[in-house]
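Next come the chains, spelled out residue by residue.
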Amino acid sequence: MTKITISTLEYPISISIPSPPLLITTFTQVSKPEGYVAGETVTGAVALNIAPGTHPIDTIGIQLEIKGFEKTYWTETDSTNNNGSSGSSTNTRYYGGNVDFFKPVVPLGAGKPGQLGPGQYQFGFSFQLPPSLPPSLEIQDGGGDYCCVRYQLQGRVGKKGML
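Now for a description of the structure that goes with this document. (Residues numbered from 1 in each chain as written. Predicted model: local features only at pLDDT ≥ 70, side-chain atom pairs only at ≥ 80, totals over all residues. Heavy atoms only, no water.)

1. Quick notes on the pairing of strand β5 (residues 57-81)
The condition is simple: Two strands pair under a simple rule: DSSP has to find at least two bridges between them. Strands are runs of DSSP state E lasting at least two residues, helices are runs of H or I lasting at least four, and both sets are numbered from the N terminus onward.
In this structure, β5 lies alongside strand β8 (residues 114-116), joined through 3 bridges in antiparallel fashion. From the neighbouring strand, I57 faces β8, where its bridge partner is L116. As defined by bridge partners, β5 adjoins strand β11 (residues 146-159) across 14 bridges and the pair is classed as antiparallel. In the sheet register, K71 faces β11, and the bridge partner there is C148. Sheet topology note: the β5/strand β7 (residues 105-108) ladder contains 4 bridges and is antiparallel. Bridged to E65 within β7 is V105. Relative to strand β6 (residues 88-102), β5 runs antiparallel, the two sharing 14 bridges. Residue pairing in the sheet places Y73 in a bridge with G96 of β6.

2. Let's talk about the environment of Q122
For clarity, the threshold we go by: A contact between two residues is defined here by any heavy atoms of the two lying within 4.5 Å.
Along the polypeptide, Q122 turns up in strand β9 (residues 119-128). Distance from Q122 to T28, taken between C-alpha atoms, is 9.6 Å for residues 94 residues apart in sequence. When residues no more than four places from it in sequence are discounted, the contact partners of Q122 are A45, V46 and A47.

3. Examining the nonpolar core
In plain terms, the rule: The term nonpolar core refers to a set of buried residues drawn from Ala, Val, Leu, Ile, Met, Phe, Trp, Tyr and Cys, joined through side-chain atoms within 4.5 Å. Each residue is placed in one exposure class: buried if its accessible area under a 1.4 Å probe, protein chains only, is under 20% of its type's maximum, exposed if it is over 50%, and partly exposed if it falls in between.
In terms of nonpolar packing, the biggest core is built from 23 residues, with L64, L108, F125 and F127 touching the most fellow members. Looking at this core, the elements with two or more residues in it are β4 (41-50), β5, β7, β9 and β11. Contacts of L108, omitting those with residues within four sequence positions, involve V46, I62, Q63, L64, F123, G124 and F125.

4. What about the side chain of T59?
With respect to the secondary-structure elements, T59 resides in strand β5. Beyond its immediate chain neighbours, meaning those up to four positions away, T59 contacts K112, P113, G114, L116, V157, G158, K159 and K160.

5. As for the pattern of salt bridges
Stated precisely, the cut-off is as follows: What makes a salt bridge here is a side-chain nitrogen of Lys or Arg within 4 Å of a carboxyl oxygen of Asp or Glu, nothing more.
The tally for this structure, following the rule as stated, stands at 6 salt bridges. Put simply, E40 and K32 hold a salt bridge, and the shortest N to O gap is 2.9 Å. Taking the relative accessible area as the measure of exposure, K32 reaches 22% and is therefore partly exposed. Here the residues in one salt-bridge network are E76, D78 and R93, joined through shared partners.

6. A short note on the packing of aromatic side chains
To keep it simple, the criterion reads: A pair of aromatic rings is counted whenever rings of Phe, Tyr or Trp (Trp by its six-membered ring) have centres within 6.5 Å, and the orientation is called stacked for planes under 30 degrees apart, edge-to-face for over 60 and tilted otherwise. The rule is short: NZ of Lys or CZ of Arg within 6 Å of the ring centre and within 35 degrees of the ring normal puts a charge over the ring.
Throughout the structure, instances matching the rule amount to 5 aromatic pairs. When the ring of W74 is compared with that of Y95, the centres are 5.2 Å apart and the planes differ by 15°; the resulting orientation is stacked. Linking W74 in strand β5 with Y95 in strand β6, this pair joins segments that are 21 residues apart in sequence. Taking relative accessible area as the criterion, W74 reaches 36% and is therefore assigned partly exposed. Overall, the relative accessible area of 33% leaves Y95 in the partly exposed class. A centroid spacing of 6.5 Å and a plane angle of 15° characterise the contact between Y121 and F123, whose relative ring orientation is stacked. Overall, Y121 belongs to the partly exposed group, its relative accessible area being 25%. Of the residues examined, F123 reaches a relative accessible area of 12% and is grouped as buried. Between K67 and the ring centre of F69, over which it is positioned, the NZ or CZ distance is 5.1 Å.

Shown next, in the form of structure tokens:
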């Protein structure tokens, strides 16, 4: 069976208001880093570290953002021979696209607003992958053509007053 590989992103944030700057680091771990199969349940945790000396943070919630996306890039080249003239011409066209096809958000820590002071926090999560998701894939040829299907998880802290 083809696997869905989920990459996790370590996400340091530096916010300059209020003083002193806040330093928040989130790290997301999944229970099966080797990959999942569509339809399986993904479990893991988001670890949150708020540096000592940081003022308490008024949050609007903590969430896990899940993203499944595809990227494609390719070229098509046509060569024409100019009848009777010396030489030929080449026309190269470039194509590409990005599509986000899976973007659920999972609230963590009961999804409630609150205040977090300096310290280390851990928020567990569990969600089921839809059975129709395509497997992870990455193909690149020597001519610059490329396609991929990837999945990413990222923990986010929503802070009051921030966009």
